[in-house]
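A look at the structure
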Amino acid sequence: MHLVLRHVIAGIDDSPQSLAAAHWAAREATRRGAALCLVHAREWHPRPAPTVPADMSERALAEELPERAANSMRAAHPGLQVIGQAPADSPVSALLKAAEQAELLVLGSRGLGGVAGFVMGSVSQQVVARASHPVVLVRVGGSTADEHFSAPDGISPDEIPGIPYRDVVLGLDTGRSCDGLIEFAFDAAGRRGSSLRVIHIFSRPPDFAATDRIVPVSGPELRAEQELAVAAVLRPWCEKFPEVAVTESVTEGRAADELISASADAALVVVGRRIRETRLGIHLGPVAYAALHHAPCPVSVVPHA
């Protein structure tokens, strides 16, 4: 019988951000009991890039880089099965195809850009917007310690994994069907033994909004209705994941602002992306876009209907 190997994928090149993504993906693969697959693909140019050694062709470098990165990951994460691949395809196509067979795809971000936001390259933006499976964007400069609560003075690096994880934060919209998104967040918290913080932001409907029911217009009544809706959506998942402690935050405001604020002390932020295509093509919603550009911790974008 042919067994399909479960794996987490990291898109790599020779940059610091891809190294950060690979290490995060290695830790996630370990948590999942899965293998790590490092995928490197690049556009071919008539003239080699300046980073290509004079005694090596661009294609040879592309084929050598995944194995070199795999050896580095094996050394840093003993016991983890690591595979290196260099598909002959464009980066976007290669990563999208690889993600179809993986539990998770992990990409890197280039640090701070304009208005203190993180920079996503064009490849990452296209992949996040089009992938059919969850994609995590990891910030360069992050470390294992950032995923955990502050460690006491004098603790050694190998003791850090024993420190409790920070919360997983889920941005929830009760107006949409998003079971896959919710399950991903509960599963992520369960694997870390952390709490799940669910954030639902609502806005008061305009007085002239057409509706077939009476909508509470006062702050307390509208908040109470929203709290009941959140509790109803989460109830079956709390029963499925009884080991996950859940806290719910229901407030009126701007979803992107509240989510970014909550991400400051989170191990992971989980947001959804609707699977849809408009006249302007496939794109990210405003909340996912804001989280990817401004949340300081890793962000997972989970596609849903």
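How each quantity is defined
Residues numbered from 1 in each chain as written. Predicted model: local features only at pLDDT ≥ 70, side-chain atom pairs only at ≥ 80, totals over all residues. Heavy atoms only, no water. Helix = DSSP H or I, 4+ residues; strand = E, 2+ residues; numbered from the N terminus. Buried < 20%, exposed > 50% of the residue type's maximum accessible area, 1.4 Å probe, protein only. Pairing = 2+ DSSP bridges. Contact = heavy atoms within 4.5 Å. Phe/Tyr/Trp six-rings, centres within 6.5 Å; stacked < 30°, edge-to-face > 60°. Lys NZ or Arg CZ within 6 Å of the ring centre and 35° of its normal. Axes fitted to C-alpha atoms, helices over the stretch in contact; angles between N-to-C directions. Left-handed = near helix turned anticlockwise from the far one by under 90°. Nonpolar A, V, L, I, M, F, W, Y, C, P; charged D, E, K, R; others polar. Core = buried A, V, L, I, M, F, W, Y, C linked by side-chain atoms within 4.5 Å. Salt bridge = Lys/Arg side-chain N within 4 Å of Asp/Glu carboxyl O. Polar contact = N/O pair within 3.5 Å; in protein donor to acceptor, adjacent residues only side chain to side chain.

Turning to the overall build of the chain, a few remarks are in order. Summing up its helical and strand segments, the chain has eight helices and ten strands in all. Every one of the 305 residues in the chain was classed for burial, and the buried ones make up 45%.

This part is about the pairing of strand S4 (residues 104–109). Taken across its six residues, S4 has six buried, putting it largely inside the fold. Of the two faces of S4, the one holding Leu104, Val106 and Gly108 and the one holding Leu105, Leu107 and Ser109 are both buried throughout. Relative to S4, strand S1 (residues 7–11) runs parallel, the two being bridged by three bridges. Following the sheet pairing, isoleucine 9 is matched in S4 by leucine 105. Direction of pairing for S4 relative to strand S5 (residues 135–139): parallel, over a ladder of five bridges.

Time to look at the side chain of histidine 148. Among the structural elements, histidine 148 can be located in the loop between S5 and strand S6 (167–171). Residue classification places histidine 148 among the buried positions, given a relative accessible area of 2%. Leave out the neighbours within four places in its chain, and histidine 148 touches Ile160, Pro161, Ile163, Pro164, Tyr165 and Arg166.

Attention shifts here to the packing of aromatic side chains. Throughout the structure, instances matching the rule amount to one aromatic pair. One Lys or Arg, arginine 31, reaches over the ring of tryptophan 24 and ends 5.7 Å from the middle of that ring. A cation over an aromatic ring shows up here: arginine 192 above the ring of tyrosine 165, its NZ or CZ 6.0 Å from the ring centre.

In this section: the packing of helix H7 (residues 255–262) against helix H8 (residues 286–294). At a minimum axis separation of 9 Å, H7 and H8 run at an interaxial angle of 30°. Of the two elements, H7 crosses H8, and the hand of that crossing is right-handed. Touching Ala255, Ala256, Leu259 and Ile260 of H7 are Val287, Ala290, Ala291 and His294, all from H8. Its residues placed into classes, the contact of H7 with H8 shows seven nonpolar, one polar and no charged.

Right, let's get into the nonpolar core. Ranked by internal contacts, the top residues of the largest apolar core, which has 45 residues, are Leu36, Leu38, Val106, Leu170, Leu196 and Val270. In this structure, valine 270 is in contact with Val168, Val169, Leu170, Gly171, Leu181, Phe184, Ala185, Ser300 and Val302, ignoring residues within four places of it in sequence.

This part is about the packing of helix H3 (residues 91–99) against helix H4 (residues 122–130). Between H3 and H4, the shortest axis-to-axis distance is 9 Å and the interhelical angle comes to 35°. In the packing of H3 onto H4, the handedness of the crossing is right-handed. Contacts between H3 and H4 involve Pro91, Val92, Leu95 and Leu96 on the former and, on the latter, Val123, Gln126, Val127 and Arg130. In the contact of H3 with H4, the residues fall into six nonpolar, one polar and one charged.

Our focus in this paragraph is the pattern of salt bridges. One pass over the structure, following the stated rule, counts 15 salt bridges. For arginine 32, the salt bridge goes to glutamate 28, with nearest N and O atoms at 2.7 Å. Of this pair, arginine 32 and glutamate 28 both sit in helix H1 (residues 16–32), four residues apart, which is roughly one turn of that helix. In this pair, the class of arginine 32 matches that of glutamate 28, namely buried. For aspartate 187, the salt bridge identified is with arginine 191, shortest N-O distance 2.8 Å. Of this pair, aspartate 187 and arginine 191 both sit in helix H5 (residues 179–192), four residues apart, which is roughly one turn of the helix. By relative accessible area, which is 32% here, arginine 191 ends up partly exposed.

This part is about the environment of tyrosine 165. Residue position: tyrosine 165 is located in the loop between S5 and S6. Judged by relative accessible area, tyrosine 165 falls into the buried class, the value being 15%. Once the C-alpha coordinates of tyrosine 165 and alanine 189 are considered, the two residues, 24 residues apart in sequence, prove to be 8.9 Å apart. For tyrosine 165, the residues in contact, after removing those within four places along its chain, are Arg31, Glu147, His148, Phe149, Arg192 and Ser194. Of the polar contacts made by the side chain of tyrosine 165, one reaches the side chain of arginine 31; its length is 3.0 Å.

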